[in-house]
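# What the coordinates show
The residues making up each chain are set out below.
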Amino acid sequence: MRVMRALLYGYGGAILAGLLVAVVGAGFDLSYGTVVSSATLSGAAFGIVGFTLPWWQPLIAVRSRSRRH
């Protein structure tokens, strides 16, 4: 289940970041090449963050519980 969640978060993060950059780039009337390269880089970065999120959440929860005591 964790792998499926990681894939969904990864793809979701990549899609949302790419679309956000594309919309902002089109709003500022940037060139096609600039928008594509920026959307690719931000999509890859947010995809990696989304893919690793399901593995970091349990680790952060355990550490935050141990610090309360």
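Right above here is the structure, for reference.
Residues numbered from 1 in each chain as written. Predicted model: local features only at pLDDT ≥ 70, side-chain atom pairs only at ≥ 80, totals over all residues. Heavy atoms only, no water.

Let's shift gears to the overall build of the protein chain. Regarding its fold elements, the protein chain presents two helices and zero strands. Over its C-alpha atoms the protein chain spans a radius of gyration of 16 Å, topping by over 25% the 11 Å that the globule rule assigns to 69 residues. For the protein chain, with 69 residues in total, the buried portion stands at 19%. (Helix = DSSP H or I, 4+ residues; strand = E, 2+ residues; numbered from the N terminus. Rg over C-alpha atoms; globule rule 2.2 N^0.38 Å. Buried < 20%, exposed > 50% of the residue type's maximum accessible area, 1.4 Å probe, protein only.)

Attention now moves to the environment of Gly-18. Mapped onto the elements, Gly-18 comes out in helix α1 (residues 2–27). For the pair Gly-18 and Ala-45, spaced 27 residues apart in sequence, the C-alpha separation works out to 10 Å. Not counting residues up to four positions away in its chain, the partners in contact with Gly-18 are Ala-39, Ser-42 and Gly-43. (Contact = heavy atoms within 4.5 Å.)

Bringing unusual backbone geometry into the picture now. Residue Asp-29 is not a glycine yet carries a positive backbone phi of 55°. The topology assignment puts Asp-29 in the loop between α1 and α2 (32–68). Judged by relative accessible area, Asp-29 falls into the exposed class, the value being 68%.

Side chains of Val-3, Met-4, Leu-7, Leu-8, Tyr-9, Tyr-11, Ile-15, Leu-19, Phe-51, Leu-53 and Trp-55 sit close together on the surface and give an oily, nonpolar patch of about 1,100 Å² of accessible area. Counting only elements with at least two residues in the nonpolar patch, the list comes to α1 and α2. Here the nonpolar patch takes eight residues from α1, the largest share from any one element. The residue Leu-8 is located in helix α1 in this model. (Patch = residues over 30% accessible without salt bridge, like charges linked within 9 Å, V, L, I, M, F, W, Y side chains within 5 Å. Areas by Shrake-Rupley, 256 points an atom, 1.4 Å probe, with all protein chains shown as cover. Salt bridge = Lys/Arg side-chain N within 4 Å of Asp/Glu carboxyl O.)

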